[in-house]
Number of protein chains: 2
Amino acid sequence: MVTLKDVAKVAGVSYATVSRALSGSSEIGEQTRKRILKLCEEMGYTPNAVARSMVMKRTNIIGLIVASIENPFMSELTSHIEIHARHNGYNLMVCNSSYDTELEKEVFSLLLGRQVDGVILLPVGSGSYSSLQQLTAQVPTVFISENLQDLPENYVAIDNRQGMAAATEYLYSLGHRRILYFGCRSNSVTHRLRLEGYEQACKSAGIAPEVLYSPFERSSQEAGYRLAAGYFQDGIRHTAMLCASDSLAIGVMQAAYENGVSIPNRLSLMGFDNISFAALPPIDLTTVDQPKERMAKAAVDMLIERIKNPDLPHTHEILPPLLVLRSSCRAVRS
Amino acid sequence: MVTLKDVAKVAGVSYATVSRALSGSSEIGEQTRKRILKLCEEMGYTPNAVARSMVMKRTNIIGLIVASIENPFMSELTSHIEIHARHNGYNLMVCNSSYDTELEKEVFSLLLGRQVDGVILLPVGSGSYSSLQQLTAQVPTVFISENLQDLPENYVAIDNRQGMAAATEYLYSLGHRRILYFGCRSNSVTHRLRLEGYEQACKSAGIAPEVLYSPFERSSQEAGYRLAAGYFQDGIRHTAMLCASDSLAIGVMQAAYENGVSIPNRLSLMGFDNISFAALPPIDLTTVDQPKERMAKAAVDMLIERIKNPDLPHTHEILPPLLVLRSSCRAVRS
DNA sequence: GCAGTTTACGAAAACGTTTTCGTAATTTTA
DNA sequence: TAAAATTACGAAAACGTTTTCGTAAACTGC
C-alpha cells in the first residue's frame, strides 16, 4: 500500500503538504497542489480511512442494527438507509439482532467499539427499552419504525394509530360492519397504537370491535396461518379481517386458500406495512403503506444532525401512513 | 471515552501491561491480570477497534457489495453472510451497487480506502469483469452467486446448467413436450449456463427447444410481465413455461392472471432461484433452489481463508441446486 | 551461593493520517 | 525602502493501540 508518506518522499515535500493538497486546504500554492495531486494519481495513492479516523476522532460510519435483514420491510429500509447515508459521506456497518434483545445489546456494544459515529436501530420491539439506554447514551442513536412516545430517545415512525383508524374507516365505507382485528401480541408500542386506532375508529363508527390475538412467534406469517386456520374451523362470522401486519395477512391468505375461502368474495382482507410482497399480483393485498424511503431519509438526516451537534435535545418525526387500495377488499353486497 | 492509557494510569502500570492483560498474553502475572481486568470493568473501558486496526494492519471488516439489498434473494444472502461473518469475528460493511457497474467499482474503491480485509461481491452481472480485476487484485475477494468459469477469481455459485437441466427433465417427466424457455438477455455466464442446461436437456429428451428472450430491464418482473402479455396475445402454443428466474416467473404469473390463463391447469410455470416470494401460498411456484445459507457460509469461509493466506491460488465452489416442487406445475392430461 | 534461566513488567517505536505552531520568503503598506 | 502582513511550507505532536526489546527480580540446578 502506498501511503501519504511515500508520496511526500517522492514529491520532496513534507507530509503536511500532501495532506493539504488532498484536503483542499488554502494553505498551499496552486502549482504544488497540482503537482502533488498528479503524483498521487500516478502512484495510485488511496487515503487510509482508518488512520484518518484515528486522528479525526470520527469514522464516518453509521451502525445499523436490524432485527432481520431478510425481512422484506427491513431490507427495503436498509437499502434506502445505505444509499442516503453514502450520499452524505457515511458508510454502513450492518448487524442482525435476530429478534434477540440480548444480541441486540451485544452488537450495539460491538459497534461502539468500532467507534461508529451514530447508530440507527430497527428494534426487536420488546417493549422494554430501559436496558438499551446506557448504550444509546454513549452515541447518537435514532430508532426507526418504532414509536417510543415520551421516551428520551430520537425516533422516526409513522402514525400507527391514524393508519389503522383509516384502514378501519375504509372497510366501514365499503359496507363492512363486522370487522375482525387480527392483533399481534407484541409488547411494542407500535402494535398497541394500531389496536387503539382500530378500536377508536370502531367506536366512532358505532360498531363493536372484535379482536383475536396471535401469540408472538418467530414468524408472524406462521402465526397468522394458525390463527386463521382455527378461525375458519368454526365458520366465518365476519365480512372483513384487518391484520396488524402484512405478514399476518399473508398467513391468513394461505389458510383461506386451503379452506376454500375466497378473498375478497367471501372475506375482505387488509394488511399493514405494504411490504413488497403485498404488491405481487397473485396477492395484491390492500394495506397501509409505511413510506420506507422517507423514513430512511428522515432517520439518516436526524442522525447526522445529532452527530454534528450531540447536544441537540431528543426529537422524533411522525410520518403519515398512506392507504394502498388493491384487490383484497370489496364492498359488501347489500 | 476511557482509554487503555487511562486504565494504565489508575492501575499504576504501563499500557503494555494493560494490553497484555486484555489480550490474554502469557507475559503477565496472574494477580495483576485479574486486578486490571476488574479495573477495566469498573471503569467501563471499551477497546478502540480503530486504533487496534491501525497497528494490526487489519480491520476485521468484510466489505459486501450487492446489486440491491432489497432484492429478496440478495437480502437473504446478506443476512446469512452477516451472521456467519460475525461468528468469525468480522463485521460487515454493506454497499448497494444499484445495478450500476460504475457505482460497483466506486464503492469497491471506497471499501479499499476503509481498509476492509476482504470483499464479497454479489455482482451486477454485466458479463464483463475485466475492469474489476485491478480492484480485486488489491484485496481478497470472493464473488457469490455468479459463475465466473475460468476467470482468475474466487467464487461460490451453483451448478446453473445442471439445475436448469433438472428443471427441464422434471417438466418432461410430467408429460410436457412443448416447453417454452423464458430467457434473460443478460450477459452473465449464469444465464448462459441456465440456457445451456435447458437446451441440453431438450436434446437428450428429443424435444425441440424454444426460447423467448426478455430484454434486460431494471425489473425482471416487469420484463416477464411484458413478454408473457405479448405471448398470450397470440394464443398459448405450449404446455409449460420455464423461466430463467423466479422474478420473471412472477411477472408471467401476473400476465397469466390478467389474461385468464389458469396456472397450472392451462399452463405449467417454473422459476429458478427459490426467492422467498416463491413459497407464498398464493404463488407457490415450483422452482430450483439456490441454497443461500450454504452459499453464504462457503463464501465467508473461502474469503477468510484467503485473508489468512493471501497467496492461496484462486478457487471456486459449485454447490448443487435443489428442485423445489410446488403447485405451479402439473402433469399433462393424456 | 553462583551462573543460567525464566518471569513480569516498562520504555518506546510503530501504524498513517491531520493539525498546530513556527518561520523563511514573498508581498503589501506607508 | 523599512516595517508589517501574508503566503507557503516544514517539524512535530497527537490519536489509542500492539509489540519488540531490554532488564530487574525471582527462580532453577548443581
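Residues numbered from 1 in each chain as written. Chains lettered and ligands numbered in written order. Predicted model: local features only at pLDDT ≥ 70, side-chain atom pairs only at ≥ 80, totals over all residues. Heavy atoms only, no water.

A closer look at the overall build of chain A
Then, number 1: Of the regular secondary structure elements, chain A holds 12 helices and 12 strands.
Then, number 2: A principal-axis box enclosing the C-alpha atoms of chain A has dimensions of 90 × 40 × 30 Å.
Then, number 3: Counting all 334 residues of chain A, 55% fall into the buried class.
Then, number 4: By sequence separation, contacts in chain A at least 24 residues apart represent 70% of the contacts at least 6 residues apart.
Then, number 5: Within the structure as shown, chain A displays about 14400 Å² of accessible surface, and the carbon and sulfur contribution to it stands at 49%.
Then, number 6: Each charge class in chain A can be summarised by its mean position, and for the 32 positive and 34 negative side chains these summaries are 4 Å apart. (Helix = DSSP H or I, 4+ residues; strand = E, 2+ residues; numbered from the N terminus. Buried < 20%, exposed > 50% of the residue type's maximum accessible area, 1.4 Å probe, protein only. Contact = heavy atoms within 4.5 Å. Areas by Shrake-Rupley, 256 points an atom, 1.4 Å probe, with all protein chains shown as cover. Lys, Arg positive; Asp, Glu negative; His and termini not counted. Charge placed at Lys NZ, Arg CZ, Asp CG, Glu CD.)

Some words on the protein's contact with DNA strand D
Then, number 1: Taken together, the neighbourhood of DNA strand D is formed by 28 residues, with Thr17, Gly29 and Thr32 of chain A together with Leu4 and Ser19 of chain B sitting nearest.
Then, number 2: Among the atoms of DNA strand D close to the protein, meaning within 4 Å, 68% are from sugar or phosphate groups.
Then, number 3: The contact in question runs from a phosphate oxygen of DNA strand D to an N or O atom on the side chain of Lys57 of chain A, over 3.1 Å.
Then, number 4: A distance of 3.0 Å separates a phosphate oxygen of DNA strand D from a polar side-chain atom of Arg52 of chain B.
Then, number 5: Sorting the residues of the surface near DNA strand D by element identifies helix H2 (15-23) and helix H4 (49-56) of chain A together with helix H1 (4-11), helix H2 (15-23) and helix H4 (49-56) of chain B as the ones contributing at least two each. (Near = heavy atom within 4 Å. Polar contact = N/O pair within 3.5 Å; in protein donor to acceptor, adjacent residues only side chain to side chain.)

Notes on the environment of Gly260 of chain A
Then, number 1: Positionally, Gly260 of chain A belongs in the loop between helix H11 (246-258) and strand S9 (268-270).
Then, number 2: In sequence terms Gly260 of chain A and Phe232 of chain A are 28 residues apart; their C-alpha atoms lie 9.8 Å from each other.

Looking at the relation of the copies chain B and chain A
Then, number 1: Screw-axis analysis of chain B against chain A gives a translation of 0.0 Å along the axis, an RMSD of 0.1 Å, and a rotation angle of 180°. These values place the two chain copies in the arrangement generated by a two-fold rotation axis. Taking C-alpha positions as reference, the residue of chain B nearest the rotation axis is Met93 of chain B, located at 2.2 Å.
Then, number 2: Here 100% of the interface residues in chain B have copies in chain A that are interface residues too; the copies meet face to matching face. (Least-squares fit on C-alpha atoms with pLDDT ≥ 70 in both.)

Topic: the sheet that holds strand S7 (residues 210-214) of chain B
Backbone hydrogen bonds hold the strands of a sheet together, and the pairing may be parallel or antiparallel.
Residue and element names in this part refer to chain B.
Then, number 1: One open sheet holds the four strands; their spatial order is S7-S6-S8-S9, and the pairing between them is parallel. Looking at the sheet topology across the chains shown, the edges are occupied by S7 and strand S9 (268-270). Neighbour-to-neighbour, the strand axes of this sheet turn through a mean angle of 20°, independent of strand direction.
Then, number 2: As paired strands, strand S6 (residues 179-184) and strand S8 (residues 240-243) are joined by four bridges and run parallel to one another. Its bridge partner being in S8, Ile179 is matched across the sheet by Ala240.
Then, number 3: Docked against the sheet, helix H8 (residues 160-173) engages S6, S8 and S9, running at close to 170° with respect to S8. (Pairing = 2+ DSSP bridges. Axes fitted to C-alpha atoms, helices over the stretch in contact; angles between N-to-C directions.)

Focus on the pattern of salt bridges
Then, number 1: What the rule picks out here adds up to 22 salt bridges over all chains.
Then, number 2: Its salt-bridge partner being Arg226 of chain A, residue Glu222 of chain A comes within 3.1 Å of it at the nearest N-O pair. Taken together, the residues span about one helical turn, with Glu222 of chain A and Arg226 of chain A both in helix H10 (residues 220-233) at a distance of four residues.
Then, number 3: What makes Glu222 of chain A partly exposed here is its relative accessible area of 37%.
Then, number 4: With its nearest N and O atoms 2.7 Å apart, the salt bridge here joins Arg86 of chain B to Glu82 of chain B. Of the two residues, Arg86 of chain B and Glu82 of chain B both sit in helix H5 (residues 72-87), four residues apart, roughly one turn of that helix. Per residue, the accessibility class of Arg86 of chain B equals that of Glu82 of chain B, and both read buried.
Then, number 5: Among the ionic contacts, a cluster of salt bridges with common partners joins Arg161, Arg192 and Glu196 of chain A. (Salt bridge = Lys/Arg side-chain N within 4 Å of Asp/Glu carboxyl O.)

What to know about the protein's contact with DNA strand C
Then, number 1: Taken together, the neighbourhood of DNA strand C is formed by 28 residues, with Leu4 and Ser19 of chain A together with Thr17, Gly29 and Thr32 of chain B sitting nearest.
Then, number 2: Close to the protein, within 4 Å, the atoms of DNA strand C belong to sugar or phosphate groups at a rate of 65%.
Then, number 3: The separation between a base nitrogen of DNA strand C and a polar side-chain atom of Glu27 of chain B is 3.4 Å.
Then, number 4: Breaking the surface near DNA strand C down by element, the ones donating at least two residues are helix H1 (4-11), H2 and H4 of chain A together with H2 and H4 of chain B.
Then, number 5: In terms of residue count, H4 of chain A provides more of the surface near DNA strand C than any other element does, five residues in total.
Then, number 6: Looking at the surface near DNA strand C residue by residue, the class counts come to 13 nonpolar, nine polar and six charged. (Nonpolar A, V, L, I, M, F, W, Y, C, P; charged D, E, K, R; others polar.)

Here we look at a nonpolar patch on the surface
Then, number 1: Nonpolar side chains collect at one region of the surface, where Met54, Val55 and Met56 of chain A together with Met54, Val55 and Met56 of chain B lie side by side and expose about 570 Å² of accessible area between them.
Then, number 2: Of all the secondary-structure elements, those providing two or more residues to the nonpolar patch are H4 of chain A together with H4 of chain B.
Then, number 3: Along the chain, the position of Val55 of chain A falls in helix H4.
Then, number 4: Of the residues examined, Val55 of chain A reaches a relative accessible area of 64% and is grouped as exposed. (Patch = residues over 30% accessible without salt bridge, like charges linked within 9 Å, V, L, I, M, F, W, Y side chains within 5 Å.)

A short note on the sheet that holds strand S5 (residues 154-158) of chain A
Then, number 1: In space, the 12 strands of this open sheet follow the order S11(A)-S5(A)-S4(A)-S3(A)-S1(A)-S2(A)-S2(B)-S1(B)-S3(B)-S4(B)-S5(B)-S11(B), with mixed pairing throughout. Whereas interior strands pair on both sides, the edge strands pair on one side only; in this sheet they are strand S11 (316-319) of chain A together with strand S11 (316-319) of chain B. Across the sheet, the mean angle separating the axes of adjacent strands is 20° when strand polarity is ignored.
Then, number 2: Where S5 of chain A and S11 of chain A come together, four bridges link them in parallel fashion. By the bridge assignment, Ala157 of chain A is partnered in S11 of chain A with Ile318 of chain A.
Then, number 3: Here helix H6 (residues 101-113) of chain B sits on the sheet and contacts strand S2 (91-96) of chain A together with strand S1 (61-66), strand S2 (91-96), strand S3 (118-122) and strand S4 (141-144) of chain B; the angle it forms with S1 of chain B, its principal contact strand, is near 170°.

Considerations on unusual backbone geometry
Then, number 1: Of note, the bond from Ile263 of chain A into Pro264 of chain A is cis; its omega dihedral lies within 30 degrees of zero at 10°.
Then, number 2: Tracing the backbone through its elements, the reader meets Pro264 of chain A in the loop between H11 and S9.
Then, number 3: Non-glycine residue Lys57 of chain A carries a positive phi angle of around 60°.
Then, number 4: Tracing the sequence through the fold places Lys57 of chain A in the loop between H4 and strand S1 (61-66).
Then, number 5: Accessibility expressed as a relative area gives 74% for Lys57 of chain A, which makes it exposed.
Then, number 6: Located in the positive-phi region is Tyr99 of chain B, a residue other than glycine, with phi close to 55°.
Then, number 7: Here Tyr99 of chain B lies in the loop between S2 and H6.

Here's the deal with the interface of chain B and chain A
Then, number 1: With 46 residues of chain B at the interface, the matching set in chain A holds 47 residues.
Then, number 2: Between chain B and chain A the total buried area reaches about 4200 Å² when both faces are included, carbon and sulfur atoms providing 63% of it.
Then, number 3: It is Val50, Glu70 and Arg114 of chain B in chain B that bury the most area against chain A; as a group they hold 15% of the surface buried on that side.
Then, number 4: At the boundary of chain B and chain A, one finds 16 residue pairs in polar contact (both at pLDDT 80 or more).
Then, number 5: Sorting the residues of the side of chain B that touches chain A by element identifies H4, H5, S2, H6 and helix H11 (246-258) of chain B as the ones contributing at least two each.
Then, number 6: Considering each element in turn, the side of chain B that touches chain A owes the most residues, eight residues, to H5 of chain B.
Then, number 7: Classifying every residue of the side of chain B that touches chain A gives 23 nonpolar, 18 polar and five charged. (Buried area = accessible area lost by both parts, 1.4 Å probe.)

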